[in-house]
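Summary of the model geometry
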Amino acid sequence: MADAGRVAGGEGQSLIASAWQRLRGNPVFLTGAAITLIFVVLAVIGPWIAPHDPAAQPLLDQVRPQSNPVPEAQPGFPLGGDTVGRDLLSRLLVGARQTLIVGVLATVGGLIGGLILGTLAGAIGGRVDTVVMRIVDVMLSIPGLILAVSIAAIAASPSQTTVIIAIAVVQIPIFARLLRGSMLGQRASDHVLAARALGVRPRAVVFRHMLPNSLGPVIVQSTLVLATAIIEAAGLSFLGLGNPDDRQPEWGQMLGQAQQFVGGHPHLAIYPALCIIVVALGFTLMGESLREALDPKSRR
């Protein structure tokens with residue numbers, strides 16, 4: 001009896017412990033996690049470490065629309081200024097927080113909506129499942145960015161809130177379909193059948209047995225969706241559908257403002273574009289590694 005919990009070769013491992021053991025030696029995961037950690041830290045402390053107020057114009061006297069529209073790099077301003085004399089480095093640091101807020105809130109909103117629809121479809125089934133899945137299919141048939149642009153354009157005026165809502169709506173069907181599939185798999189599992197045989201109420205079966213055991217793939221998918229949300233938020237801001245107040249910088253907004261000067265001063269677009277690409281890459285690498293580590297079918 002003392003050896004009943006042991007397996008050949010040593011102690012047994014839980015799925016989480018086994019996944020973490022593989023992730024610790026995975027350079028792809030470590031790279032993605034490092035990028036993500038740096039981004040989150042900069043987003044949190046960015047306003048405090050920024051050398052200048054992102055809305056101030058300390059280099060305005062150097063802006064010459066005809067001869068020198070963009071101040072060059074100089075002591076105290078390592079990346080130079082923008083077209084109205086604001087410090088570019090400070091705006092990039094402060095913009096990280098706005099980008100993180102939009103990405104996280106949009107992902108959380110999509111996750112909540114997907115949990116509601118996925119739970120209804122996977123737990124109730126029947127006509128409810130059919131109706132919910134047809135709605136999801138219609139939403140998935142429309143390209144995500146086009147759907148987000150359409151939703152944001154309907155708003156009376158562009159704002160950060162409309163961007164968050166638009167991106168959240170786009171992410172809902174992704175989470176709903178994934179959760180529904182996981183819950184259908186849980187419906188036929190032994191522990192759910194045993195709970196039903198013991199007379200456990202259907203609501204308790206869903207929320208205590210099926211739903212908690214179905215959230216793993218959904219949580220992993222949220223890291224991948226977060227990368228997509230950041231890119232889509234930048235795209236909407238680039239198109240002018242984001243926050244119109246440029247005193248609160250955001251990377252997509254900065255990228256859009258740099259377009260008319262990109263020929264002579266490409267760094268105005270290169271810096272925010274690199275920030276968006278690197279951060280999205282970090283979340284993608286981390287999410288893919290998590291999915292491979294937690295999915296027995298894709299273990300190497």
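Anyway, here's the lowdown on the structure attached to this text.

Calculation criteria
Numbers given to residues run from 1 along each chain, matching the order in which its sequence is written. With pLDDT at 70 or above as the cut-off, local features in this predicted model cover only qualifying residues; side-chain atom pairs require 80 or more to be listed or tallied, and sums for whole chains, interfaces and linings still use all residues. By convention in this description, side-chain values take in all heavy atoms of the structure and omit both hydrogens and water. A run of H or I in DSSP becomes a helix once it reaches four residues, and a run of E becomes a strand once it reaches two; helices and strands are each numbered from the N terminus. To sort residues, take the accessible area from a 1.4 Å probe on protein chains only and compare it with the maximum for the residue type: under 20% means buried, over 50% means exposed, and anything in between is partly exposed. Contact between two residues is taken to exist if any of their heavy atoms lie within 4.5 Å; hydrogens are not considered. By definition, a residue's bend is the angle between the axes fitted to the seven residues ending there and the seven starting there. Polar contacts, as counted here, are pairs of nitrogen or oxygen atoms within 3.5 Å of one another; within protein the pair requires one atom able to donate a hydrogen and one able to accept it, and residues that are adjacent in sequence qualify only if both atoms are side-chain atoms. When the centres of two rings from Phe, Tyr and Trp lie within 6.5 Å, Trp using its six-membered ring, the rings pair. Their planes under 30 degrees apart give stacked, over 60 give edge-to-face, and anything left gives tilted. Note that patches include only residues with greater than 30% relative accessible area and no salt bridge, and the join distances are 9 Å for like charges and 5 Å for nonpolar side chains (Val, Leu, Ile, Met, Phe, Trp, Tyr). Methods summary: accessible areas were calculated by the Shrake-Rupley approach with a probe of 1.4 Å, and residue burial reflects only the protein chains presented. In the sections that follow, a salt bridge refers to a side-chain nitrogen of Lys or Arg positioned within 4 Å of a carboxyl oxygen of Asp or Glu. Put simply, buried Ala, Val, Leu, Ile, Met, Phe, Trp, Tyr and Cys residues joined by side-chain atoms within 4.5 Å make one nonpolar core. Lines fitted to C-alpha atoms define the axes, with helix axes restricted to the stretch in contact, and inter-axis angles between N-to-C directions lie between 0 and 180 degrees. Each angle gets one of four labels, with under 35 degrees taken as roughly parallel, over 145 as roughly antiparallel, 65 to 115 as roughly perpendicular, and the rest as oblique. Crossing handedness is read from the near helix: turned anticlockwise from the far helix by less than a right angle, it gives a left-handed crossing, and turned clockwise, a right-handed one. Charged residues are taken to be Asp, Glu, Lys and Arg, nonpolar residues to be Ala, Val, Leu, Ile, Met, Phe, Trp, Tyr, Cys and Pro, and polar residues to be all remaining types, Gly included.

Observations concerning the side chain of His267
Relative to the helices and strands, His267 is located in helix H10 (residues 267–294). Look at His267 and you get buried, because its relative accessible area is 18%. With near-sequence residues (within four places) excluded, His267 lies in contact with Val70, Leu79, Leu88 and Pro272.

Focus on helix H2 (residues 27–49)
Helix geometry: H2 is bent most strongly at Ala43, by close to 45 degrees, with proline Pro47 lying one to four residues after it. Of the positions making up H2, those classed as buried are Phe29, Gly32, Ile35, Thr36, Phe39, Ala43 and Gly46. Put simply, Asn26 is the residue that caps the front of H2, since its side-chain oxygen is 3.0 Å from the backbone nitrogen of Val28.

Focus on the packing of aromatic side chains
Applying the stated criterion to the full structure yields two aromatic pairs. Measuring from ring centre to ring centre gives 5.7 Å for Phe39 and Trp251, while their planes differ by 50 degrees; the resulting arrangement is tilted. Of the two residues, Phe39 is situated in helix H2 and Trp251 in helix H9 (residues 251–257); the sequence distance between them amounts to 212 residues. For the pair Phe39 and Trp251, one class covers both residues: buried. Consider the rings of Phe39 and Phe283, whose centres lie 6.2 Å apart with planes at 85 degrees: the pair is edge-to-face. Here Phe39 is found in helix H2, whereas its partner Phe283 is found in helix H10, with 244 residues between them in sequence. Exposure class is identical for Phe39 and Phe283. Each is buried.

A short note on a nonpolar patch on the surface
Side chains of Leu37, Ile38, Val40, Val41, Leu42, Val44, Ile45, Trp48 and Ile49 sit close together on the surface and give an oily, nonpolar patch of about 810 Å² of accessible area. Within the secondary structure layout, Trp48 lies in helix H2. With relative accessibility at 65%, the residue Trp48 sits in the exposed group.

A short note on the nonpolar core
Phe39, Trp251, Val279 and Phe283 are the most contacted members of the largest nonpolar core, which totals 26 residues. The element that contributes the greatest number of residues to this core is H10, accounting for eight residues. Here Trp251 is in contact with Phe39, Leu92, Gly95, Ala96, Thr99, Pro272, Cys275, Ile276 and Val279, once residues within four sequence places are set aside. If you look at the next biggest cluster of nonpolar residues, it comprises 14 residues, including Val102, Ala229, Ala233 and Leu236.

A few points about the packing of helix H8 (residues 202–238) against H10
At a minimum axis separation of 7 Å, H8 and H10 run at an interaxial angle of 160 degrees. Classified by the angle their axes make, H8 and H10 are roughly antiparallel. Between H8 and H10 the crossing geometry is left-handed. Note on element contacts: H10 touches H8 through Ile276, Val279, Ala280, Phe283, Thr284, Gly287, Glu288, Leu290, Arg291 and Leu294, opposite Val220, Gln221, Thr223, Leu224, Leu226, Ala227, Ile230, Ile231 and Ala234. The class makeup of the residues in the contact of H8 with H10 is 13 nonpolar, four polar and two charged.

Some thoughts on the side chain of Asp129
Tracing the chain through its elements places Asp129 in helix H4 (residues 126–140). The contacts of Asp129, once residues within four sequence positions are left out, are Ala121 and Arg180.

As for the environment of Val163
Mapping Val163 onto the fold places it in helix H6 (residues 160–187). On the accessibility criterion, Val163 (3% relative accessible area) is buried. For the pair formed by Val163 and Leu236, sequence separation is 73 residues and the distance between their alpha carbons is 6.9 Å. In this structure Val163 touches Val102, Ala233, Leu236, Leu241 and Gly242, once residues within four positions along its chain are discounted.

By themselves these figures say nothing about function.
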